[in-house]
Amino acid sequence: MISAANRLPEPTLARHTVRGACPHDCPDTCALLTTVENGVAVRVQGNPAHAQTGGVLCAKVSKYPERTYHPDRILTPLRRSGPKGSGQFTQVGWDEALTDIAARLAEIAARNPEAIVPYSYAGTMGLVQGESMDRRFFHRLGASLLHRSICAAAGGEAMVQTLGGKVGMKVEFFAEAKLILIWGSNSITSTLHFWRYAQQAKREGARLVCIDPRKTETAEKCHEHLQLLPGTDAALALALMHELIVHDWLDHDYLAQHTLGWEALRERALTFPPERAAEVCALPVEQIRDLARAYGTTKPSAIRVNYGVQRVRGGGNAVRAIACLPALTGAWRERAGGVLFSSSGNFPVQRGVLQRPELLGQRRPRTINMVTIGDDLLRETSEAFGPKIEAVVVYNSNPLAVAPESGKVARGFAQDDLFTVVLEHFQTDTADYADYILPATTQLEHWDVHLAYGHTDVLLNRPAIGPCGEARSNARIFRELAARMGFSEPCFADSDETLCRQAYGEKVDFNELLDQGFAALPIPDAPFAQGNFPTASGKCEFFSAALSACGQDALPNHVPNYETFGQSAAYPLAMISPPARNFLNSTFVNVASLQKQEGRPLLEIHPHDAAARGIADGSVVRVFNDRGSYLCHAELSERARPGVVNGLGIWWRKLGLEGTNVNQLTSQALTDLGQGPTFYDCLVEVQAAATPSNAINK
Ligand code: SF4
């Protein structure tokens with residue numbers, strides 16, 4: 001590995017600040033201010049002029065210079081020089097690397113371009129470095145399409161089928177709510193800026209209720225915590241509806257004017273009395289009744305539902321049930337009432353212009369689901385599947401660490417006849433299996449433009465420093481690959497700055513972005529006070545004709561987990577894998593200060609479950625099921641409810657014990673809606689294990 005120490009960018013100007021945007025997979029999309037001294041980024045702060053950021057960043061991104069100038073940063077193209085997975089590479093020049101990659105892809109494409117698969121997600125959320133020139137390149141090539149499903153596919157589809165899109169309350173108005181349900185969100189660690197609004201509301205007398213299988217840092221700070229079993233949220237939401245109906249805590253006028261399918265939903269909800277939900281969720285029945293009373297009688301009441309809820313078989317139905325609640329009470333009438341899952345549907349991104357699907361011509365390539373990459377890499381050619389995958393180009397993602405059933409993912413990437421190219425900052429688990437690693441710029445080194453999924457402001461990111469080493473932006477790498485493939489359409493000449501301007505076209509004033517770094521979308525404060533949902537009917541659709549037409553239940557329902565708690569003698573514990581506080585998916589795991597803070601790979605287990613297995617606090621345990629085995633340290637803690645263990649993620653496999661991480665255990669089964677992942681639908685057993693040689697002492 002080449003050290004970054006001697007490769008800092010050349011000095012340019014004296015001290016100045018540059019406005020940017022946080023690129024990470026987080027709802028808050030903060031506005032950054034980077035202080036640059038003599039061409040070196042010395043400090044990254046929140047921009048106080050951006051109200052949503054309020055000058056505050058999370059601890060992870062405050063460490064951005066440490067990450068940018070990390071001694072392990074990849075600074076030149078690298079070609080594999082040892083067996084796949086060995087992590088052995090030699091330095092090569094850009095021209096040699098790009099020419100060889102283009103030749104290899106062209107050779108495969110000549111047989112069948114669908115044998116080539118792009119694999120990317122939200123390693124950067126930027127529209128330019130994440131979904132522009134790359135898509136043009138793969139469309140022109142005729143490569144397989146990718147269903148980018150790994151995070152929010154089930155909940156996103158649920159919102160589309162219920163409210164008409166990923167839309168909802170404006171986050172700032174949570175500060176004015178009198179009751180806030182924080183449903184499946186550890187906001188203190190994963191949406192810090194929402195939490196500031198919730199704290200403001202709390203100071204004004206609001207009641208905060210957390211609904212989560214884990215006793216999170218957020219749950220500890222709320223007035224109440226409903227610690228339900230994973231995958232039972234829809235049952236709870238339906239029981240709340242039941243109580244709203246029987247106590248007549250309903251807004252009949254709102255229901256009549258602005259909803260579709262009320263009579264049918266009413267009938268469904270009446271089959272879920274609190275006693276039934278109490279049994280399904282393993283909650284005290286009084287706690288459910290109390291919550292229903294509070295929700296039915298407090299105005300304004302607001303719900304922040306986050307992604308944990310939808311990572312189970314019935315995740316889509318659960319989000320649909322929760323999204324229906326504000327229409328029953330008419331909470332939407334006030335700006336501090338309603339629900340927020342994601343705000344990304346508000347942004348008028350010109351994806352057609354950015355991605356150029358017309359470059360496909362008459363071709364209609366198959367779609368690979370990124371969640372099932374483990375199985376799909378191992379499939380042979382067949383009529384149903386299409387051609388065996390011969391090449392994968394990975395960027396903005398680390399599938400070896402983040403995709404479910406990672407033992408299979410590793411086997412897939414280890415195949416000698418698979419050609420793998422990885423665009424990266426670091427030699428991740430996935431990069432270890434690459435044939436070529438291409439050094440990518442970080443957010444401090446390139447242009448980009450952003451949407452957000454937790455607020456409604458567009459942000460521009462200007463480069464603060466020159467590229468480290470020989471790093472190039474993703475868009476530039478695909479532009480140069482396109483040139484070597486002979487793609488001569490004018491759109492392949494667009495610069496990164498041009499792409500920034502194309503992302504919103506005339507819909508957002510680019511000069512405003514240049515002037516202040518952000519621009520607010522013109523959205524009414526209470527967007528659904530008079531209905532006007534972006535559904536076909538213009539109403540909140542309790543009954544979805546679209547779901548009915550494809551054979552799905554048209555009404556929200558409780559869909560039990562594939563791996564239901566209590567149904568397996570061999571695997572009696574349910575496992576969820578929420579993010580460790582100092583990591584963001586698999587990003588930041590190799591930043592020394594954050595890794596030190598996090599300590600070591602942990603499984604939180606309730607003291608009763610640990611005692612029954614002879615497991616001591618801090619000891620090494622083996623967590624296992626039929627899919628694999630994961631070695632980590634046990635933390636005896638009431639953060640875990642009895643019967644449920646929390647495997648905090650997502651450690652890089654090679655930084656874990658015995659080269660494993662929690663995704664050894666998770667399943668490739670898909671959700672009811674949206675074909676998303678079911679990370680939290682996972683049964684396991686835990687046993688004490690011998691301490692391996694690479695165990696980390698705290
Ligand atoms: S809170 Fe989220 S958006 Fe803000 S700096 Fe941290 S990761 Fe980025």
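Here's what I pulled together on the structure shown here. (Residues numbered from 1 in each chain as written. Predicted model: local features only at pLDDT ≥ 70, side-chain atom pairs only at ≥ 80, totals over all residues. Heavy atoms only, no water.)

## Focus: the overall build of the protein
Counting its regular elements, the protein contains 25 helices and 27 strands. For the protein, whose C-alpha radius of gyration is 25 Å, the value lies close to the compact-globule estimate of 26 Å for 698 residues. In terms of principal-axis extent, the alpha carbons of the protein reach across some 70 × 60 × 55 Å. (Helix = DSSP H or I, 4+ residues; strand = E, 2+ residues; numbered from the N terminus. Rg over C-alpha atoms; globule rule 2.2 N^0.38 Å.)

## Focus on the site of the ligand
Looking at the ligand, the residues that line it are Cys22, Cys26, Asp28, Thr29, Cys30, Leu57, Cys58, Val61, His193 and Leu584. Taken together, the residues of the shell around the ligand break down into seven nonpolar, two polar and one charged. (Near = heavy atom within 4 Å. Nonpolar A, V, L, I, M, F, W, Y, C, P; charged D, E, K, R; others polar.)

## Description of the sheet that holds strand β18 (residues 448–450)
In spatial order, the strands read β18-β19-β20; together these three strands make up an open sheet with antiparallel pairing. Looking at strand neighbours, the two that pair on one side only are β18 and β20 (518–520), the edges of this open sheet. Ignoring which end each strand starts from, the neighbouring axes of this sheet average 10° apart. Two elements, β18 and strand β19 (residues 457–461), share three bridges in a ladder whose sense is antiparallel. (Pairing = 2+ DSSP bridges. Axes fitted to C-alpha atoms, helices over the stretch in contact; angles between N-to-C directions.)

## Overview of the packing of helix α5 (residues 133–141) against helix α20 (residues 474–485)
Orientation of α5 relative to α20, taken along the N-to-C sense of each, is 25°, at an axis distance of 8 Å. In terms of orientation, α5 and α20 fall into the roughly parallel class. For α5 against α20, the interelement crossing comes out left-handed. Where α5 approaches α20, its residues Met133, Asp134, Phe137, Phe138 and Leu141 are matched on the opposing element by Ala475, Phe478, Arg479, Leu481, Ala482 and Met485. (Parallel < 35°, antiparallel > 145°, perpendicular 65-115°, else oblique. Left-handed = near helix turned anticlockwise from the far one by under 90°. Contact = heavy atoms within 4.5 Å.)

## Quick word on the environment of Pro522
With respect to the helices, strands and loops of the structure, Pro522 is situated in the loop between β20 and β21 (540–541). The exposure class assigned to Pro522 is exposed, which follows from its relative accessible area of 79%. (Buried < 20%, exposed > 50% of the residue type's maximum accessible area, 1.4 Å probe, protein only.)

## What to know about the pairing of strand β6 (residues 116–120)
Two faces, one strand: in a regular strand the side chains alternate between the faces of the sheet. With five of five residues buried, β6 is to be regarded as a mostly interior element. Residues Ile116, Pro118 and Ser120 point to one face of β6 and Val117 and Tyr119 to the other, with burial holding for every one of them. Strand direction decides the pairing type here: β6 and strand β15 (residues 391–395), joined by five bridges, are parallel. By the bridge assignment for β15, Tyr119 is matched with Val394.

## Quick word on α20
Taking 1.5 Å of rise per residue, the 12 residues of α20 would be expected to cover 16 Å, and the 16 Å separating its terminal C-alpha atoms lies within 8% of that figure. The buried fraction of α20 amounts to nine of the 12 residues, a majority that puts the element mostly inside the structure. Of all the residues in α20, the buried ones are Asn474, Ala475, Ile477, Phe478, Arg479, Glu480, Leu481, Ala482 and Met485. (Expected span 1.5 Å × (residues − 1).)

## Here's the deal with the sheet that holds strand β5 (residues 89–91)
To summarise the sheet geometry, strands pair through backbone hydrogen bonds and adopt either a parallel or an antiparallel arrangement. Across the sheet, which stays open at both edges, the six strands sit in the order β5-β4-β17-β16-β15-β6 with mixed pairing between neighbours. Edge positions in the open sheet fall to β5 and β6, since each of these has one partner strand only. Going from strand to strand, the sheet's axes swing by 20° on average, the running direction of each strand aside. When strand β4 (residues 78–80) meets strand β17 (residues 436–439), the two strands line up antiparallel, connected through two bridges. Along β17, the bridge assignment pairs Arg79 with Tyr436.

## Quick word on the pattern of salt bridges
Overall, the coordinates contain 36 salt bridges when judged by the stated rule. Two residues, Asp525 and Lys170, come together in a salt bridge whose shortest N-O distance is 3.6 Å. Placement of the pair is Asp525 in the loop between β20 and β21 and Lys170 in the loop between α6 (153–162) and β8 (179–183), with a sequence separation of 355 residues. Overall, the relative accessible area of 34% leaves Asp525 in the partly exposed class. Residue classification places Lys170 among the buried positions, given a relative accessible area of 10%. Its salt-bridge partner being Arg622, residue Glu658 comes within 3.7 Å of it at the nearest N-O pair. A residue pair is termed long-range when its members are at least 10 positions apart, and Glu658 in the loop between β26 (644–647) and β27 (683–688) and Arg622 in strand β24 (residues 620–625) qualify at 36 residues. (Salt bridge = Lys/Arg side-chain N within 4 Å of Asp/Glu carboxyl O.)

## Observations regarding unusual backbone geometry
Here the amide bond leading from Lys299 into Pro300 is cis, since omega sits at -5°, within 30 degrees of zero. With respect to the element layout, Pro300 can be found in the loop between α14 (285–297) and β12 (301–305). The step from Gly649 to Ile650 runs through a cis peptide bond, and the omega angle for that step is -5°. By the element assignment, Ile650 lies in the loop between β26 and β27. For Ala282, which is not glycine, the phi dihedral falls at a positive 60°. Counting through the fold element by element, Ala282 comes out in the loop between α13 (274–281) and α14. Given a relative accessible area of 32%, Ala282 falls into the partly exposed group.

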